[in-house]
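Observations on the model geometry
One letter stands for each residue in the lines below.
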Amino acid sequence: MERKEKVKYGIEGILVKDFDAVKQLFLNIKINDIAIINYEEDLFLVPNLYMLLKKMVFKKVSDDKIKKSFSMVGLKIDDLNTDPLFLTKSDKFKLLIACALLNNNETIAMIFPDFYLDDFSLSKIFKLFNKMDNNLHKRIIIVSNDVNLIFKECSNLLIYNDGKIILNVNNKDLFDNREILLNNGFVLPDILKFIEVALDKKNIKLVPTNDIKELMKDVYRNV
(Lines give C-alpha, C1' and ligand atoms only; values in the text may rest on other atoms or scores of the structure.)
Protein backbone atom coordinates (compact mmCIF):
# COMPACT_ATOMS: atom_id res chain seq x y z
CA MET A 1 0.00 0.00 0.00
CA GLU A 2 2.88 2.39 -0.61
CA ARG A 3 1.81 5.63 -2.21
CA LYS A 4 3.58 8.37 -4.09
CA GLU A 5 2.90 11.98 -3.25
CA LYS A 6 0.04 13.88 -4.91
CA VAL A 7 -1.51 10.95 -6.71
CA LYS A 8 -5.17 9.99 -6.41
CA TYR A 9 -5.46 6.38 -5.32
CA GLY A 10 -8.99 6.32 -3.97
CA ILE A 11 -10.05 5.15 -0.54
CA GLU A 12 -8.13 2.07 0.63
CA GLY A 13 -9.84 -0.75 2.48
CA ILE A 14 -8.45 -3.28 4.94
CA LEU A 15 -10.66 -6.32 5.53
CA VAL A 16 -10.21 -8.02 8.90
CA LYS A 17 -12.21 -10.69 10.72
CA ASP A 18 -12.81 -8.86 14.00
CA PHE A 19 -11.68 -6.13 16.37
CA ASP A 20 -8.91 -8.32 17.77
CA ALA A 21 -7.12 -8.24 14.41
CA VAL A 22 -6.89 -4.46 14.58
CA LYS A 23 -4.63 -4.64 17.65
CA GLN A 24 -1.75 -5.99 15.54
CA LEU A 25 -2.70 -4.43 12.24
CA PHE A 26 -0.99 -1.05 12.56
CA LEU A 27 2.03 -2.59 14.25
CA ASN A 28 2.61 -4.63 11.11
CA ILE A 29 1.62 -1.87 8.68
CA LYS A 30 3.71 1.11 9.72
CA ILE A 31 2.45 4.47 8.47
CA ASN A 32 3.82 7.86 9.44
CA ASP A 33 1.61 10.82 10.39
CA ILE A 34 -1.60 8.86 10.81
CA ALA A 35 -4.83 9.65 12.66
CA ILE A 36 -6.52 6.41 13.75
CA ILE A 37 -10.22 6.90 14.39
CA ASN A 38 -11.03 4.14 16.84
CA TYR A 39 -14.08 4.43 19.10
CA GLU A 40 -13.33 4.05 22.78
CA GLU A 41 -15.89 5.15 25.36
CA ASP A 42 -13.17 6.25 27.81
CA LEU A 43 -12.15 9.02 25.40
CA PHE A 44 -15.37 10.86 26.23
CA LEU A 45 -14.94 10.92 30.02
CA VAL A 46 -14.33 14.67 30.11
CA PRO A 47 -16.56 17.53 31.32
CA ASN A 48 -17.20 19.12 27.93
CA LEU A 49 -16.19 19.25 24.27
CA TYR A 50 -13.55 21.93 24.94
CA MET A 51 -11.69 19.47 27.16
CA LEU A 52 -12.09 16.65 24.65
CA LEU A 53 -10.72 18.80 21.83
CA LYS A 54 -7.83 19.86 24.03
CA LYS A 55 -6.99 16.17 24.52
CA MET A 56 -7.56 15.09 20.90
CA VAL A 57 -6.43 18.05 18.79
CA PHE A 58 -2.71 18.71 18.88
CA LYS A 59 -2.58 22.30 17.69
CA LYS A 60 -4.42 25.51 18.42
CA VAL A 61 -7.56 25.98 16.31
CA SER A 62 -10.29 28.59 16.38
CA ASP A 63 -13.89 27.91 17.38
CA ASP A 64 -14.89 28.68 13.79
CA LYS A 65 -12.59 25.93 12.47
CA ILE A 66 -13.92 23.53 15.06
CA LYS A 67 -17.52 24.20 14.08
CA LYS A 68 -16.62 23.96 10.39
CA SER A 69 -15.10 20.53 10.95
CA PHE A 70 -18.26 19.53 12.86
CA SER A 71 -20.39 20.63 9.90
CA MET A 72 -18.20 18.72 7.42
CA VAL A 73 -18.87 15.41 9.17
CA GLY A 74 -22.58 16.10 9.75
CA LEU A 75 -22.27 16.89 13.43
CA LYS A 76 -24.81 19.44 14.67
CA ILE A 77 -23.31 20.88 17.85
CA ASP A 78 -23.14 24.63 18.51
CA ASP A 79 -22.24 24.63 22.20
CA LEU A 80 -18.70 23.45 22.97
CA ASN A 81 -19.65 23.22 26.65
CA THR A 82 -21.74 20.15 25.78
CA ASP A 83 -20.96 17.05 27.82
CA PRO A 84 -19.81 14.44 25.23
CA LEU A 85 -21.25 11.58 27.30
CA PHE A 86 -24.72 12.75 26.29
CA LEU A 87 -23.96 12.35 22.59
CA THR A 88 -25.04 9.28 20.64
CA LYS A 89 -22.36 6.79 19.61
CA SER A 90 -22.81 7.97 16.05
CA ASP A 91 -22.12 11.59 17.01
CA LYS A 92 -19.16 10.53 19.15
CA PHE A 93 -17.64 8.75 16.16
CA LYS A 94 -18.26 11.82 13.98
CA LEU A 95 -16.56 13.87 16.67
CA LEU A 96 -13.44 11.70 16.38
CA ILE A 97 -13.45 12.23 12.63
CA ALA A 98 -13.74 16.00 13.15
CA CYS A 99 -10.71 15.89 15.48
CA ALA A 100 -8.75 14.01 12.81
CA LEU A 101 -9.65 16.70 10.27
CA LEU A 102 -8.45 19.41 12.66
CA ASN A 103 -5.14 17.60 13.18
CA ASN A 104 -4.67 17.52 9.39
CA ASN A 105 -2.72 14.25 9.31
CA GLU A 106 -1.47 12.90 6.00
CA THR A 107 -3.32 9.63 6.60
CA ILE A 108 -6.69 9.01 8.23
CA ALA A 109 -7.77 5.47 9.17
CA MET A 110 -11.31 4.73 10.35
CA ILE A 111 -11.78 1.56 12.39
CA PHE A 112 -15.15 -0.20 11.91
CA PRO A 113 -17.09 2.98 10.99
CA ASP A 114 -20.11 0.86 10.02
CA PHE A 115 -20.55 -0.13 13.68
CA TYR A 116 -21.35 3.48 14.59
CA LEU A 117 -22.62 5.28 11.48
CA ASP A 118 -25.83 4.64 9.56
CA ASP A 119 -25.86 4.38 5.77
CA PHE A 120 -26.66 8.08 5.28
CA SER A 121 -23.81 9.20 7.55
CA LEU A 122 -21.40 6.73 5.95
CA SER A 123 -22.28 8.05 2.50
CA LYS A 124 -21.62 11.63 3.64
CA ILE A 125 -18.27 10.70 5.18
CA PHE A 126 -17.15 8.73 2.12
CA LYS A 127 -18.01 11.67 -0.15
CA LEU A 128 -15.95 13.93 2.11
CA PHE A 129 -13.01 11.50 2.13
CA ASN A 130 -13.10 11.08 -1.65
CA LYS A 131 -12.86 14.85 -1.99
CA MET A 132 -9.92 14.88 0.40
CA ASP A 133 -8.22 12.19 -1.64
CA ASN A 134 -8.88 14.04 -4.91
CA ASN A 135 -8.11 17.59 -3.83
CA LEU A 136 -5.80 17.33 -0.82
CA HIS A 137 -4.06 14.03 -1.66
CA LYS A 138 -4.85 12.61 1.76
CA ARG A 139 -4.53 8.89 2.27
CA ILE A 140 -7.79 7.43 3.54
CA ILE A 141 -7.99 3.89 4.97
CA ILE A 142 -11.11 2.04 6.10
CA VAL A 143 -10.77 -0.99 8.38
CA SER A 144 -13.83 -3.24 8.70
CA ASN A 145 -15.03 -6.84 8.73
CA ASP A 146 -17.87 -5.89 6.37
CA VAL A 147 -16.70 -7.13 2.98
CA ASN A 148 -19.62 -5.42 1.20
CA LEU A 149 -18.69 -2.02 2.61
CA ILE A 150 -14.98 -2.45 1.83
CA PHE A 151 -15.66 -3.67 -1.70
CA LYS A 152 -18.20 -0.95 -2.48
CA GLU A 153 -16.32 2.04 -1.14
CA CYS A 154 -12.62 1.21 -1.55
CA SER A 155 -10.47 1.15 -4.67
CA ASN A 156 -7.59 -0.85 -3.26
CA LEU A 157 -8.21 -3.79 -0.94
CA LEU A 158 -5.90 -5.34 1.60
CA ILE A 159 -6.99 -8.61 3.20
CA TYR A 160 -5.47 -9.15 6.64
CA ASN A 161 -5.63 -12.44 8.51
CA ASP A 162 -3.64 -14.15 11.28
CA GLY A 163 -1.23 -11.26 11.62
CA LYS A 164 -0.29 -11.01 7.96
CA ILE A 165 -1.40 -9.57 4.65
CA ILE A 166 -2.79 -12.37 2.51
CA LEU A 167 -3.93 -10.25 -0.44
CA ASN A 168 -3.35 -6.72 -1.71
CA VAL A 169 -5.35 -6.09 -4.85
CA ASN A 170 -7.40 -3.53 -6.76
CA ASN A 171 -11.13 -4.09 -6.18
CA LYS A 172 -11.55 -4.83 -9.91
CA ASP A 173 -9.32 -7.87 -9.48
CA LEU A 174 -10.88 -9.31 -6.33
CA PHE A 175 -13.09 -11.72 -8.28
CA ASP A 176 -10.06 -13.31 -9.92
CA ASN A 177 -8.52 -13.78 -6.45
CA ARG A 178 -11.66 -15.06 -4.77
CA GLU A 179 -10.13 -18.43 -3.88
CA ILE A 180 -7.57 -16.70 -1.63
CA LEU A 181 -10.38 -14.81 0.09
CA LEU A 182 -12.52 -17.91 0.60
CA ASN A 183 -9.64 -20.16 1.66
CA ASN A 184 -8.85 -17.74 4.49
CA GLY A 185 -12.34 -17.82 5.95
CA PHE A 186 -13.74 -14.66 4.37
CA VAL A 187 -16.81 -14.43 2.14
CA LEU A 188 -17.32 -12.81 -1.23
CA PRO A 189 -19.15 -9.48 -1.47
CA ASP A 190 -22.80 -10.09 -2.37
CA ILE A 191 -22.40 -8.62 -5.85
CA LEU A 192 -19.51 -10.98 -6.62
CA LYS A 193 -21.50 -13.94 -5.26
CA PHE A 194 -24.15 -13.16 -7.87
CA ILE A 195 -21.51 -12.96 -10.62
CA GLU A 196 -20.04 -16.27 -9.48
CA VAL A 197 -23.46 -17.98 -9.52
CA ALA A 198 -24.15 -16.62 -13.01
CA LEU A 199 -20.85 -18.10 -14.18
CA ASP A 200 -21.20 -21.47 -12.42
CA LYS A 201 -24.89 -22.13 -13.03
CA LYS A 202 -25.59 -20.36 -16.33
CA ASN A 203 -22.10 -20.02 -17.84
CA ILE A 204 -22.76 -16.29 -18.16
CA LYS A 205 -19.61 -14.20 -17.81
CA LEU A 206 -20.50 -10.89 -16.19
CA VAL A 207 -17.91 -8.17 -15.74
CA PRO A 208 -16.85 -7.99 -12.05
CA THR A 209 -17.94 -4.66 -10.60
CA ASN A 210 -18.78 -3.03 -7.28
CA ASP A 211 -21.52 -0.92 -8.90
CA ILE A 212 -24.98 -2.52 -8.81
CA LYS A 213 -26.17 -0.33 -11.71
CA GLU A 214 -23.30 -1.52 -13.90
CA LEU A 215 -24.12 -5.10 -12.94
CA MET A 216 -27.77 -4.65 -13.95
CA LYS A 217 -26.74 -3.23 -17.34
CA ASP A 218 -24.44 -6.20 -17.88
CA VAL A 219 -27.21 -8.65 -16.94
CA TYR A 220 -29.55 -7.05 -19.49
CA ARG A 221 -26.85 -7.28 -22.15
CA ASN A 222 -26.47 -11.00 -21.50
CA VAL A 223 -30.14 -11.95 -21.26
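Before reading on, note that the structure itself is shown above.
In what follows, the accompanying structure is described. (Residues numbered from 1 in each chain as written. Predicted model: local features only at pLDDT ≥ 70, side-chain atom pairs only at ≥ 80, totals over all residues. Heavy atoms only, no water.)

Regarding the pairing of strand 4 (residues 139-144)
Rule in force here: Exposure classes here rest on a 1.4 Å probe applied to the protein chains alone. A residue is buried below 20% of its type maximum, exposed above 50%, and partly exposed in between. For the purposes of this entry, the term helix denotes a DSSP run of H or I that reaches at least four residues, the term strand denotes a run of E that reaches at least two, and both are numbered from the N terminus. What makes two strands pair is DSSP finding at least two bridges between them. A crossover gets the label right-handed when its path from the first strand over the helix to the second runs clockwise, viewed with the strands pointing away from the viewer.
Within strand 4, 6 of the 6 residues are buried, which leaves it mostly tucked inside the rest of the structure. Going residue by residue along strand 4, you find Arg139, Ile141 and Val143 tucked away on one face and Ile140, Ile142 and Ser144 tucked away on the opposite face as well. Sheet topology places strand 1 (residues 12-15) next to strand 4; 4 bridges connect them, and they run parallel. Within strand 4, the residue paired with Leu15 across the bridge is Ser144. Here strand 3 (residues 107-111) runs beside strand 4; their pairing, made up of 5 bridges, is parallel. From the neighbouring strand, Thr107 faces strand 4, where its bridge partner is Arg139. Once you follow strand 3 into helix 5 (residues 119-136) and on to strand 4, the crossover reads as right-handed.

Describing unusual backbone geometry
Notably, Asn104 is not glycine yet its phi reads approximately 60°, a positive angle. Checked against the element boundaries, Asn104 lands in the loop between helix 4 (89-103) and strand 3. For Phe112, which is not glycine, the phi dihedral falls at a positive 50°. Mapped onto the secondary structure, Phe112 falls in the loop between strand 3 and helix 5.

Observations concerning the side chain of Ser144
Test applied: Think of a polar contact as two N or O atoms within 3.5 Å of one another; within protein, one of them needs to be a possible hydrogen donor and the other a possible acceptor, and neighboring residues in sequence only count if both atoms come from side chains.
As for its position among the elements, Ser144 is in strand 4. Residue classification places Ser144 among the buried positions, given a relative accessible area of 0%. Within the structure, the side chain of Ser144 is placed 2.9 Å from the backbone nitrogen of Asp146, a separation counted as a polar contact.

Looking at empty space enclosed by the protein
Under the convention used in this document: Definitions used throughout: a 1 Å grid over protein atoms alone; a cavity as a set of points that fits a 1.4 Å probe which cannot get out; a pocket as an open set with protein on both sides within 12 Å along at least five of seven lines; a lining residue as one with an atom within 4 Å of a point. Grid points are joined across faces, edges and corners, and a volume is the space filled by probe spheres set on the points. Three categories are distinguished: nonpolar for Ala, Val, Leu, Ile, Met, Phe, Trp, Tyr, Cys and Pro, charged for Asp, Glu, Lys and Arg, and polar for the others, with Gly belonging to the last.
Following the criterion strictly, the structure yields 1 cavity of 30 Å³ or more and no others. As for the largest cavity, its lining consists of Leu15, Val147, Ile150, Phe151, Leu157, Ile159 and Leu174. For the lining of the largest cavity, the secondary structure elements donating two or more residues are helix 6 (147-153) and strand 5 (156-161). In terms of residue count, the dominant contributor to the lining of the largest cavity is helix 6 (3 residues). Here the lining of the largest cavity is composed, by residue class, of 7 nonpolar, no polar and no charged.

Some points on the layout of surface pockets
Here the second largest pocket is characterised by a volume of approximately 360 Å³. Ser69, Met72, Leu101, Leu102 and Asn104 are the residues nearest the centre of the second largest pocket, which is lined by 16 residues in total. Going through the elements one at a time, helix 3 (63-72), helix 4 and helix 5 are the ones with two or more residues in the lining of the second largest pocket. If you tally residues by element for the lining of the second largest pocket, the top one is helix 3, at 4 residues. When its residues are assigned to classes, the lining of the second largest pocket shows 8 nonpolar, 3 polar and 5 charged.

Observations concerning helix 4
The periodicity of an α-helix, 3.6 residues per turn, causes residues three or four positions apart to be oriented the same way. To keep things clear, this is the line we draw: Here, expected helix span is obtained from the residue count minus one, scaled by 1.5 Å.
An ideal rise of 1.5 Å per residue puts 21 Å on 15 residues; helix 4 measures up with 21 Å between its terminal C-alpha atoms. By the criterion of burial, helix 4 is predominantly enclosed, with 13 of the 15 residues buried. Positive phi appears at Asn104, one or two residues downstream of helix 4, with a value of about 60°.

Comments concerning the pairing of strand 3
The buried count for strand 3 comes to 5 of 5 residues, which makes it a mostly enclosed element. Where burial is concerned, the two faces of strand 3 agree: the one with Thr107, Ala109 and Ile111 and the one with Ile108 and Met110 are both buried. Pairing of strand 2 (residues 34-37) with strand 3, which is carried by 4 bridges, proceeds in the parallel orientation. Across the sheet, Ile34 pairs through a bridge with Thr107, a residue of strand 3.

A closer look at the sheet that holds strand 5
Condition: Helix axes use the C-alpha atoms of the stretch in contact, all axes being lines fitted to C-alpha atoms, and the angles between their N-to-C directions lie in the range 0 to 180 degrees.
Strand order in this open sheet of 6 strands is 2-3-4-1-5-6, and the pairing throughout is mixed. Only two strands of the sheet have a single partner each, and these edge strands are strand 2 and strand 6 (164-170). For this sheet, the mean inter-axis angle between neighbouring strands, taken without regard to orientation, is 20°.

Considering the packing of aromatic side chains
How we decide: Planes of paired rings set the category: under 30 degrees apart is stacked, over 60 is edge-to-face and the rest tilted, where pairs are Phe, Tyr or Trp rings (Trp by its six-membered ring) whose centres lie within 6.5 Å.
The full count for this structure, using the stated rule, is 7 aromatic pairs. Here the aromatic rings of Phe19 and Phe112 are separated by 4.1 Å at their centres, their planes lie at 20°, and the arrangement is stacked. One end of the pair, Phe19, is in helix 1 (residues 19-28); the other, Phe112, is in the loop between strand 3 and helix 5, with 93 residues separating them in the sequence. Overall, the relative accessible area of 32% leaves Phe19 in the partly exposed class.

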